[in-house]
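Each chain, written out:
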Amino acid sequence: LCKGLKMMTHKEQANYHIKQSRNYLSYNQIHSALNTSRKAVKAAPEYARAYYNRVIAQMNNGDNSDAILSYNKAIKHNPRLSQAHYFKGLMQEGLHNYEAAIKSYTKAIEVFPDYAVVYYHLGFLQKHRQQHKQATKTLLKAYDIWKRKMKYNPHLFRNKPDIKSAFYKTQ
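Quick look at the structure, then. As the structure is a computational prediction, the values presented were derived from the model and not from experiment.

1. Brief notes about the environment of N15
Then, number 1: Structurally, the position occupied by N15 is in helix α2 (residues 10–26).
Then, number 2: Sequence-wise, N15 and S37 are 22 residues apart; in three dimensions their C-alpha atoms are separated by 9.7 Å.

2. Quick word on the packing of helix α8 (residues 116–128) against helix α9 (residues 132–152)
Then, number 1: The interhelical angle for the contact between α8 and α9, taken along N-to-C directions, is 160°, at an axis separation of 8 Å. Viewed along their axes, α8 and α9 adopt a mutual orientation that is roughly antiparallel. Crossing geometry of α8 relative to α9 is assigned as left-handed. Residue-level contacts link A116, V117, Y119, Y120, L122, G123, F124, Q126 and K127 of α8 to H132, Q134, A135, T138, L139, K141, A142, I145 and W146 of α9.
Then, number 2: Of the residues belonging to the contact of α8 with α9, the class tally is 11 nonpolar, five polar and two charged.

3. Brief notes about the pattern of salt bridges
Then, number 1: By the definition in use, this model includes three salt bridges.
Then, number 2: Among the salt bridges present, the one from R129 reaches E99, with a minimum N-O distance of 2.4 Å. Of this pair, R129 sits in the loop between α8 and α9 while E99 sits in helix α7 (residues 98–111), placing them 30 residues apart in sequence.
Then, number 3: Accessibility expressed as a relative area gives 32% for R129, which makes it partly exposed.

4. Digging into the side chain of Q58
Then, number 1: The topology assignment puts Q58 in helix α4 (residues 48–60).
Then, number 2: Those residues within four positions of Q58 in sequence are excluded, and the remaining contacts are L34, D63, D66, A67 and S70.

5. Topic: the packing of α4 against helix α5 (residues 64–77)
Then, number 1: It is the contact of α4 with α5, at a shortest axis distance of 8 Å, that shows an interaxial angle of 165°. Comparing the axis directions of α4 and α5 gives the class roughly antiparallel. Regarding α4 and α5, the two cross each other, and that crossing is left-handed. Between α4 and α5, the contacting residues are A48, Y51, Y52, R54, V55, Q58 and M59 on the first element and N64, D66, A67, S70, Y71, K73, A74 and H77 on the second.
Then, number 2: Taken together, the residues of the contact of α4 with α5 break down into eight nonpolar, four polar and three charged.

6. Quick word on the nonpolar core
Then, number 1: In terms of nonpolar packing, the biggest core is built from 24 residues, with Y86, Y105, V117, V118, Y120, L125 and W146 touching the most fellow members.
Then, number 2: Mapped onto this core, the elements with two or more residues apiece are α7, α8, α9 and α10 (161–170).
Then, number 3: With seven residues, α8 is the largest single contributor of residues to this core.

7. Let's talk about the layout of surface pockets
Then, number 1: Approximately 220 Å³ is the volume attributed to the largest pocket.
Then, number 2: Every residue along the wall of the largest pocket is listed here: F112, D114, Y115, A116, V117, W146, K149, L156, F157, K160 and I163.
Then, number 3: Of all elements in the fold, only α8 and α9 reach the threshold of two or more residues within the lining of the largest pocket.
Then, number 4: Here the lining of the largest pocket is composed, by residue class, of eight nonpolar, no polar and three charged.

Quick notes on the rules
- Residues numbered from 1 in each chain as written.
- Predicted model: local features only at pLDDT ≥ 70, side-chain atom pairs only at ≥ 80, totals over all residues.
- Heavy atoms only, no water.
- Helix = DSSP H or I, 4+ residues; strand = E, 2+ residues; numbered from the N terminus.
- Axes fitted to C-alpha atoms, helices over the stretch in contact; angles between N-to-C directions.
- Parallel < 35°, antiparallel > 145°, perpendicular 65-115°, else oblique.
- Left-handed = near helix turned anticlockwise from the far one by under 90°.
- Contact = heavy atoms within 4.5 Å.
- Nonpolar A, V, L, I, M, F, W, Y, C, P; charged D, E, K, R; others polar.
- Salt bridge = Lys/Arg side-chain N within 4 Å of Asp/Glu carboxyl O.
- Buried < 20%, exposed > 50% of the residue type's maximum accessible area, 1.4 Å probe, protein only.
- Core = buried A, V, L, I, M, F, W, Y, C linked by side-chain atoms within 4.5 Å.
- 1 Å grid on protein atoms, 1.4 Å probe; cavity = no way out; pocket = protein on both sides within 12 Å on 5 of 7 lines; lining within 4 Å.
- Points joined across faces, edges and corners; volume = space filled by probe spheres on them.

Structure below.
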């Protein structure tokens, strides 16, 4: 196995460790997941997905500050990774850093304008911050995107109860 790893490209090695890390996470073996996610980053430090995977292990370990730093590194290597901006915003919001969360959500929307769940979270954060007019506009945008997606895919929410709940809340 070690010999096979050495023959792989750095990105292939990172993907191998990412897969291993996810497997450990599925069995709730957080420390092993953290160790293998570190190996992924070491194998390909320029590979955004390696950092993104490390974040998941860090979040499961309760290392929120480190996770935000890993999101920053993932974004540095791939600024178009909209999910990294979104999840970074969620973490910042959870740490009550609302201004930073708004910036992260805004960047996620800039990268992927049809990211309805980001509009949803941004809208409720704006509402919480007493920006009612902007919140209404933002939540309507989330609703419109979901409604349009539902038209083409009526089963959109079947396996996503949290998104389905968010859709009905915006309604």
